[in-house]
Amino acid sequence: GAGVSQSPSNKVTEKGKDVELRCDPISGHTALYWYRQSLGQGLEFLIYFQGNSAPDKSGLPSDRFSAERTGGSVSTLTIQRTQQEDSAVYLCASSPQGGAPTYQETQYFGPGTRLLVL
Amino acid sequence: AQSVTQPDIHITVSEGASLELRCNYSYGATPYLFWYVQSPGQGLQLLLKYFSGDTLVQGIKGFEAEFKRSQSSFNLRKPSVHWSDAAEYFCAVGAQGFSGNKLVFGAGTILRVKS
């Protein structure tokens, strides 16, 4: 079946603008994760959604970052008032969450959105 | 402190040579261990994972990894590297009390293959 898809694949924006990044998880996967991959910082966890539970936002770097997941499927990561340090690849992943704790599950990653803030 | 370490930022091997990528973690109990590979411009693909049982794990593309509790290591190996293996490799761990609902990734090792 189809894997995790993300859009846009590339985004160039000006400092101070807002951006929205979209993630479509694998059909049937109930757990969804956002990570950020940047030079010098590696892969950082941002936020985790599981079903209708409150998301784990512990990795969001500032209140300019927010995410939502509508209908338990598609997720949108929003960055307000973008800064140059927000330039990175934003990766989305999903996992089945078939009853096991999520840290035990294989996460399936999308190709990422490359964000460049000028 | 709890952490995941990949001590080698870059490794260069000749095509056909053997490969070992190192991964060490700091955690009191047995974590769940993963190796992912990322080709340029691509997302991460799972190579293999260890949860329990046999400490030598076989993965895709001819890779294997061995969990050594005494050394807190989960090194990735391949007996004969192909040019298509050039990519960045990430070790990741997940464990209750260590990472909550997420995986914690090492900094990655970039593999270059010379012909």
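Residues numbered from 1 in each chain as written. Chains lettered and ligands numbered in written order. Predicted model: local features only at pLDDT ≥ 70, side-chain atom pairs only at ≥ 80, totals over all residues. Heavy atoms only, no water.

Caption draft 1: Structural detail: the overall build of chain A. From N to C terminus, chain A includes 0 helices and 10 strands. Order of helices (α) and strands (β) in chain A, N terminus to C terminus: β-β-β-β-β-β-β-β-β-β. The C-alpha radius of gyration computed for chain A amounts to 14 Å, which stays within 12% of the reference 13 Å derived for 118 residues, consistent with globular compactness. With respect to the three principal axes, the spread of C-alpha positions in chain A is 40 × 30 × 30 Å. Sorting the 118 residues of chain A into buried and exposed places 51% on the buried side. A total accessible area of about 5,500 Å² is found for chain A, and carbon and sulfur atoms account for 45% of it. (Helix = DSSP H or I, 4+ residues; strand = E, 2+ residues; numbered from the N terminus. Rg over C-alpha atoms; globule rule 2.2 N^0.38 Å. Buried < 20%, exposed > 50% of the residue type's maximum accessible area, 1.4 Å probe, protein only. Areas by Shrake-Rupley, 256 points an atom, 1.4 Å probe, with all protein chains shown as cover.)

Caption draft 2: Examining the side chain of S75(A) more closely. Residues and elements named next belong to chain A. Relative to the helices and strands, S75 is located in strand β7 (residues 75-79). Owing to a relative accessible area of 0%, S75 belongs among the buried residues under this scheme. Within the structure, the side chain of S75 is placed 3.0 Å from the backbone oxygen of E68, a separation counted as a polar contact. If we ignore the near neighbours within four places in the chain, the residues touching S75 are L21, R22, C23, L32, W34, F49, E68 and R69. (Polar contact = N/O pair within 3.5 Å; in protein donor to acceptor, adjacent residues only side chain to side chain. Contact = heavy atoms within 4.5 Å.)

Caption draft 3: Focus on the interface of chain A and chain B. Each side of the interface is counted separately: chain A has 18 residues, and chain B has 21 residues. Summed over both partners, the interface of chain A with chain B comes to about 1,700 Å²; 56% of that surface belongs to carbon and sulfur atoms. The tally of links between chain A and chain B comes to 0 salt bridges. Of the residues in the side of chain A that touches chain B, the class split is 9 nonpolar, 6 polar and 3 charged. (Buried area = accessible area lost by both parts, 1.4 Å probe. Salt bridge = Lys/Arg side-chain N within 4 Å of Asp/Glu carboxyl O. Nonpolar A, V, L, I, M, F, W, Y, C, P; charged D, E, K, R; others polar.)

Caption draft 4: Quick look at the pattern of salt bridges. Residue and element names in this part refer to chain B. Counting across every chain of the model gives 7 salt bridges over all chains. Between K78 and D85 there is a salt bridge, with the nearest N and O atoms lying 2.8 Å from each other. Of the two residues, K78 and D85, neither departs from the other in class, the shared state being buried. Each of E64, E66 and R77 takes part in a single network of salt bridges with overlapping partners.

Caption draft 5: Representation of the packing of aromatic side chains within the structure. Taken as a whole and assessed by the stated rule, the structure comprises 16 aromatic pairs over all chains. Summarising the aromatic geometry, the rings of F109(A) and F105(B) are spaced 6.1 Å apart at their centres and angled 75 degrees between planes, so their arrangement reads as edge-to-face. Taken together, the residues F109(A) in strand β9 (residues 108-109) and F105(B) in strand β11 (residues 104-105) connect one chain to another. The two residues F109(A) and F105(B) agree in class, both being buried. A network of ring pairs unites the aromatic residues Y33(A), Y35(A), F45(A), Y48(A), F109(A), Y32(B), F34(B), Y36(B), F51(B), F90(B) and F105(B) as a single cluster. (Phe/Tyr/Trp six-rings, centres within 6.5 Å; stacked < 30°, edge-to-face > 60°.)

Caption draft 6: Local environment of the pairing of β7(A). Residues and elements named next belong to chain A. With 5 of its 5 residues buried, β7 lies for the most part within the structure. Residues S75, L77 and I79 of β7 are buried on one face, and the alternating residues T76 and T78, pointing to the opposite face, are buried as well. Here strand β3 (residues 19-24) runs beside β7; their pairing, made up of 5 bridges, is antiparallel. Bridged to E20 within β7 is T78. Summarising the sheet, strand β6 (residues 65-69) and β7 pair through 5 bridges and their orientation is antiparallel. The residue bridging E68 from the neighbouring strand is T76, located in β7. (Pairing = 2+ DSSP bridges.)

Caption draft 7: Quick peek at the environment of T113(A). Residues and elements named next belong to chain A. One can find T113 in strand β10 (residues 113-117). The class for T113 is buried, based on a relative accessible area of 0%. The sequence separation of T113 and A88 amounts to 25 residues, and the corresponding C-alpha distance is 8.2 Å. What T113 contacts, discounting residues up to four positions off in sequence, is Q6, S7, P8, S9, L21, A88, V89 and Y90.

Caption draft 8: Broad picture of the nonpolar core. Core analysis: the largest hydrophobic core is formed by 25 residues, its most contacted members being L19(B), W35(B), L47(B), L48(B), F74(B), L76(B) and Y89(B). A total of 4 residues in this core trace back to one element, the largest contributor, which is strand β10 (residues 87-94) of chain B. (Core = buried A, V, L, I, M, F, W, Y, C linked by side-chain atoms within 4.5 Å.)

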